[in-house]
Each structure stands twice: as structure tokens, then as C-alpha cells.
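A look at the structure
Next come the chains, spelled out residue by residue.
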Amino acid sequence: MLFRYCTFGLLVGSIASALPSSDVKKRKLGLPYSTISKDIIDRDGNPVLFVGSNWPGHQETMLPEGLQHASVKDIVSWIRKFGLNSIRLTFAIEMIDDYLSNSPNQTLERTILNPLGDNGTSVLADILKHNPQFTKETTRLEIWDDVAKELARQDVILHLDNHVSKAFWCCALDDGNGWFGEKYFDVEKWIRGWGFIAKHAKDHWPSFASVGLRNELRSAKQAEPYDWYTWHLHMTAAADAVHKSAPEALIFFSGLDYDVYIDPIPLGKTLTGTKGTATENKTAIFNPSKHAWKTKVVLEIHKYDFEATQDDCATFKKKWYAKGFQAVDLSNQAAKYHLPMVISEWGFIHNGTYWNQTTYAKCLTEMVKDYHVGFFQWELSGSFYLQTRPGRVPQATIQGLEEFWGLLNYNWDGVRSPVTVENSLDKMVAALG
Ligand SMILES: *[C@@H]1O[C@H](CO)[C@@H](O)[C@H](O)[C@H]1NC(C)=O
Ligand SMILES: *[C@@H]1O[C@H](CO)[C@@H](O)[C@H](O)[C@H]1NC(C)=O
Ligand SMILES: *[C@@H]1O[C@H](CO)[C@@H](O)[C@H](O)[C@H]1NC(C)=O
Ligand SMILES: *[C@@H]1O[C@H](CO)[C@@H](O)[C@H](O)[C@H]1NC(C)=O
Ligand SMILES: *[C@@H]1O[C@H](CO)[C@@H](O)[C@H](O)[C@H]1NC(C)=O
């Protein structure tokens, strides 16, 4: 509904012989994207919206999930079957660190067996059975390349999200990945990682459109000061690194407290440091027009239903609006910067009833319809290779964990809860139609 595939038919034919096939594909998909006021626009200036789901690839194996249950091709085809045009693929900086240090742990065999132990042998065999294009020597990055090529082949736009530094499930307070300078969140490695992967994506992934600099920033006891000044300092530096490597990519900026608010940015607030810390008295203003990437800035926000809301939709929307929707409301005089926004995570358990137990699903759909913002549902996966959640009892790490929030079932071969999809995802897609 949102891409104009057909109108490119003639153009594609006429340039096909002159350009590498990845350039033809980019044109067909309307890439590159840029921004104007509150809209993301394609290469011809038509507004486009991300209508997608999330596909995690940031846990211990650092591979996109599900490959032991289905082929890359079949997994990608689900994205299309759900009526989506894009996917938010999540990665860990650790994957890039390993690549840059030429670690022997990057082969499919090692990346599965290291975290899964003896049980990994059968997982590895299943991956190779469903994906005979790989061998146990294929590296992580080669597998990502294969996934990216298949996404492009099926016309799925790729949004690359840096979810964590150290590869395990996100996100908990003080889990080491949450804030600049925390135990695993080495800012230099993060920026270096972006410089590398943005260039790699630009050069090798034909439907690569955009990056999310960092998922769900949150406070940490032992890290740099938790404030918007520090946010500005590091997020703009990472954006510079991405832009230098991939000047055409959109750059998504997430907010604080697990990305539940970003209103200081559209409101043009002075971004301050923290008294009694190294950022005391420091201030910054986030003014997109001051940067080389001024036509690439997108804001992202997350919305879950942890409070099991029973608010009526007027109340729900009013409360949520204040968290950042000023950015996309041209009638809001208080907004200094109008910028596109994307709801890069939303979701809930797909058990057949939850969609109707709170007002969340209904009100979220209304919000998307009212403000016409794109989204990525959380998530596609029906199950994981393994998942580590620090603090979970009795076991922090569980192999083969089922994902009850997933669009797909445990074996990745069917829809987990058709009634849930009909009453949430389908309505969200229709709201943007
Ligand atoms: C490879 O993984 C093993 C097992 O997790 C670990 O002990 C080793 O340090 C890793 N090697 C490198 C070079 O990262
Ligand atoms: C290996 O798999 C078995 C059988 O599914 C399971 O009981 C066991 O907990 C797994 N091992 C680890 C370390 O998770
Ligand atoms: C911050 O500003 C206050 C008021 O001007 C001043 O007293 C204080 O010394 C400053 N702190 C630093 C670290 O410069
Ligand atoms: C679905 O999950 C919700 C929230 O945990 C629960 O209240 C409800 O009973 C569940 N429905 C079914 C059919 O299990
Ligand atoms: C649940 O579904 C019923 C029937 O469609 C509807 O009247 C009711 O408003 C829904 N409840 C919520 C919380 O969405």
C-alpha cells in the first residue's frame, strides 16, 4: 500500500542493463529515503511508511532467529504474507567486534555450539537442513548477507537496529547494555561498529534503508551520567559515523526510559547535564539542520501495555501524545522541529484473548490512524535458539524458549494466533492504508 512498485516498471526496464542489479532493486523500492518535515519520502518525493515487524538477531548466537525451523526464504515470505513492507533486524555490537578482531567464533558451527553446548549439535544440523546454502563454516556476517539479499529479493525494506552491545536479550536495568559507558556499552566500540556495519549494509544489502542507533536507552547505576546532554553527545557522534559510511541511510533516534518518551527533541528543549557529575552545567540543543544528516533524522518511540490500560482511547492518546507526537503534529505551535516518527516496537501476548482484554490494541490503532506514523510490531519469532534474561528465576538462560508474543508459532510454520493478528496487526496495517 505504501510503496509504488508498479510505477517503476518502465524505468526499471530501461536502466536494467546500465546498472548493477542492486541499484535496480534500490530504484524499484524507491530508495534512498529522506525526510521532509514530518514525512519520510522516497527517491521521487512520495511519502512512505514503515509497516513492519521485528526479527531479532542480537541474542547469543548473533544470527537472525528461526533458521533451525525454516529457510531464510520461507521466513522472509511471512513478512509479505502479513502485509508488511519492512523488517527491523536487530544486531549486537559484539558481532562487529568479533568480525574486526577476526575471531574464530564467527562460524555457524561455533556461534551455535558456544552458547548452546551439546544441544547445539542438533540445532546446527536443523539449520543446515533448512538452509542448505550454508555450511558449518559459513560466518555470521555471510548469513546476514544471505538474509539481506533474500529480503531484497522479496522487496522487504531492511531497517537495521543496534539492540545491544553484548549479545543477549534486551532489556533490563543495570544489565550492562543500557547506557553509555555501562559495563558492556563501550561507546567507542559502538561507534566503530556503526562505521563498519553501515558501510557493509550500504555496499551489500540492496534493500537497506535505515538504522536505529540504539534500542531502549535506560538509566544505569554505573555508567556516564543519565541525561539528555550525554544522549546528544553520543547519539550525534554515532549519527556522524553512520552518515559517513552510508550517507543515504535514514537515522532513527530513540528516547529515554526504554524509549518511551522523546518529546524534548521536537520541543527543542535545552538538553542539560546532571548536577554533581561530569556533565554539570553542560547544555546542548538538538537542531537537525546543523548536521550533515539533516534530511535523515527519524524519531522512534516504543509503546507496550505493561500497565494493562483500560483508558478510553481519548485518554490513552492524550497521554501518549505528550511523549513525542508533537513531532508529527504540524498544528502544534510548541514544536520547534517537525520530524517523522516511527513506533519501532509495540506488541503483546498472542494468546487469542489479550487483544480484547485491555484497550491498548484498539487505541494504538487509532493513534496510528490519527497521526499516520509507521511501525514495527514486536515480533515475528515463534521461538528462540536460546534466551538469557539476567535475573530470571530459576533459570536465566533457556534453550529453545517459546515466544508467546510472536506472530509465528513455535516451529515458524504457521500463524500463532490468527484472531489476534486479525484484531491487531491487520488493523494497524489497515489504519495506514
Ligand atoms: C570463543 O568462544 C569461546 C567460548 O565461548 C571463548 O572462550 C573464547 O574466548 C572465544 N574466542 C575469542 C577469540 O573470542
Ligand atoms: C539441553 O536440552 C535438554 C532437552 O531439551 C534440556 O533438558 C537441557 O536443559 C538443555 N541443556 C541446556 C544447557 O539448556
Ligand atoms: C555550575 O554552575 C554553577 C553556577 O554558576 C557554579 O557554581 C558551579 O561551580 C558550576 N559547576 C561546574 C562543574 O562548573
Ligand atoms: C492471555 O494472557 C492474558 C495476560 O496474561 C491472560 O489474562 C489471559 O487469561 C490469557 N488468555 C488465555 C486464553 O490464556
Ligand atoms: C472486546 O470485544 C468486544 C466485542 O467486539 C467489544 O465490545 C469490547 O469493546 C472489546 N473490549 C476491549 C477492551 O477492546
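Heads up: these notes are all about the structure in this document. (Residues numbered from 1 in each chain as written. Chains lettered and ligands numbered in written order. Predicted model: local features only at pLDDT ≥ 70, side-chain atom pairs only at ≥ 80, totals over all residues. Heavy atoms only, no water.)

What follows concerns the overall build of the protein chain. A tally of helices and strands in the protein chain yields 13 helices and 15 strands. Here the protein chain, with 433 residues, has 59% of them falling under the buried criterion. Long-range contacts, defined here as pairs at least 24 residues apart, represent 77% of the contacts in the protein chain between residues at least 6 apart. About 16,900 Å² of surface is accessible on the protein chain, with carbon and sulfur atoms providing 53% of the total. Between the centroid of the 45 positive side chains of the protein chain and the centroid of its 50 negative side chains there is a distance of 4 Å. (Helix = DSSP H or I, 4+ residues; strand = E, 2+ residues; numbered from the N terminus. Buried < 20%, exposed > 50% of the residue type's maximum accessible area, 1.4 Å probe, protein only. Contact = heavy atoms within 4.5 Å. Areas by Shrake-Rupley, 256 points an atom, 1.4 Å probe, with all protein chains shown as cover. Lys, Arg positive; Asp, Glu negative; His and termini not counted. Charge placed at Lys NZ, Arg CZ, Asp CG, Glu CD.)

A word on the state of the cysteines. As enumerated under the stated definition, the model contains 2 disulfides in all. In this model, C170 is linked to C171 through a disulfide, with the two sulfur atoms separated by 1.7 Å. Judged by the sign of its S-S torsion, about 85°, the bond between C170 and C171 is right-handed. Among the residues examined, C170 registers a relative accessible area of 10% and is labelled buried. A sulfur-sulfur distance of 2.1 Å marks the disulfide that ties C313 to C363. In this structure, the disulfide formed by C313 and C363 twists by about -85° around the S-S bond and is classed as left-handed. Taken together, the residues C313 in helix α10 (residues 313–321) and C363 in helix α11 (residues 360–371) connect sequence positions 50 residues apart. (Disulfide = S-S within 2.5 Å.)

On inspection of all chains with the given rule, the structure shows 2 cavities of 30 Å³ or more. K26, L31, P32, Y33, A201, K202, W205, F208, A209, A246, E248 and A249 are the residues that line the largest cavity. Elements represented by at least two residues in the lining of the largest cavity include exactly α8 (187–204) and β7 (208–212). Partitioned by chemical class, the residues of the lining of the largest cavity number 9 nonpolar, no polar and 3 charged. A volume near 90 Å³ is recorded for the second largest cavity. Residue lining of the second largest cavity: 14 residues in total, with K38, L49, P340, M341 and H372 positioned closest to the centre. Among the secondary structure elements, those contributing two or more residues to the lining of the second largest cavity are β2 (39–41) and β12 (341–346). (1 Å grid on protein atoms, 1.4 Å probe; cavity = no way out; pocket = protein on both sides within 12 Å on 5 of 7 lines; lining within 4 Å. Points joined across faces, edges and corners; volume = space filled by probe spheres on them. Nonpolar A, V, L, I, M, F, W, Y, C, P; charged D, E, K, R; others polar.)

In this structure, H350 sits in the loop between β12 and α11. Every residue in contact with H350, bar those within four places of it in the chain, is listed here: Q377, F404, W405, G406, L407, R416, S417, T420 and V421.

Before going further, it helps to examine the pairing of strand β8 (residues 250–254). For β8, the buried fraction is high: 5 of the 5 residues fall into the buried class. Both faces of β8 are covered, namely the face carrying L250, F252 and S254 and the face carrying I251 and F253. Direction of pairing for β7 relative to β8: parallel, over a ladder of 3 bridges. The residue of β8 that forms the bridge with V211 is I251. (Pairing = 2+ DSSP bridges.)

So, on to the layout of surface pockets. Roughly 740 Å³ of internal volume is contained in the largest pocket. In terms of lining, the largest pocket is formed by 34 residues, of which the most central are E216, Y304, F306, E345 and W405. Breaking the lining of the largest pocket down by element, the ones donating at least two residues are β11 (297–303) and α10. In terms of residues, the lining of the largest pocket owes the most to one element, α10, which gives 3 residues. Looking at side-chain class alone, the lining of the largest pocket contains 16 nonpolar, 5 polar and 13 charged residues.

Let's shift gears to the sheet that holds β7. Taken together, the 8 strands give a closed barrel; going around it, the order is β4-β5-β6-β7-β8-β11-β12-β13, and neighbouring strands pair in parallel fashion. If you compare each strand with its neighbour and ignore which way they point, the axes differ by 30° on average. Two elements, strand β5 (residues 86–92) and strand β6 (residues 157–164), share 7 bridges in a ladder whose sense is parallel. Across the sheet, the residue bridging to L89 is L160, located in β6. Sitting on the sheet, α8 is in contact with β5, β6 and β7, with an inclination near 170° to β7. Contacting β11, β12 and β13 (374–377), α11 crosses the sheet at an angle of about 165° to β12. (Axes fitted to C-alpha atoms, helices over the stretch in contact; angles between N-to-C directions.)

With that out of the way, let us pick up the pattern of salt bridges. Evaluation of the coordinates by the stated rule reveals 18 salt bridges. Across the pair R218 and D175 runs a salt bridge whose closest N-O atoms are separated by 2.9 Å. Of this pair, R218 sits in the loop between β7 and α9 (228–245) while D175 sits in the loop between β6 and α8, and the two are 43 residues apart along the sequence. On the accessibility criterion, R218 (1% relative accessible area) is buried. Judged by relative accessible area, D175 falls into the buried class, the value being 7%. Connected via shared salt-bridge partners are R88, D161, E300 and E345. (Salt bridge = Lys/Arg side-chain N within 4 Å of Asp/Glu carboxyl O.)

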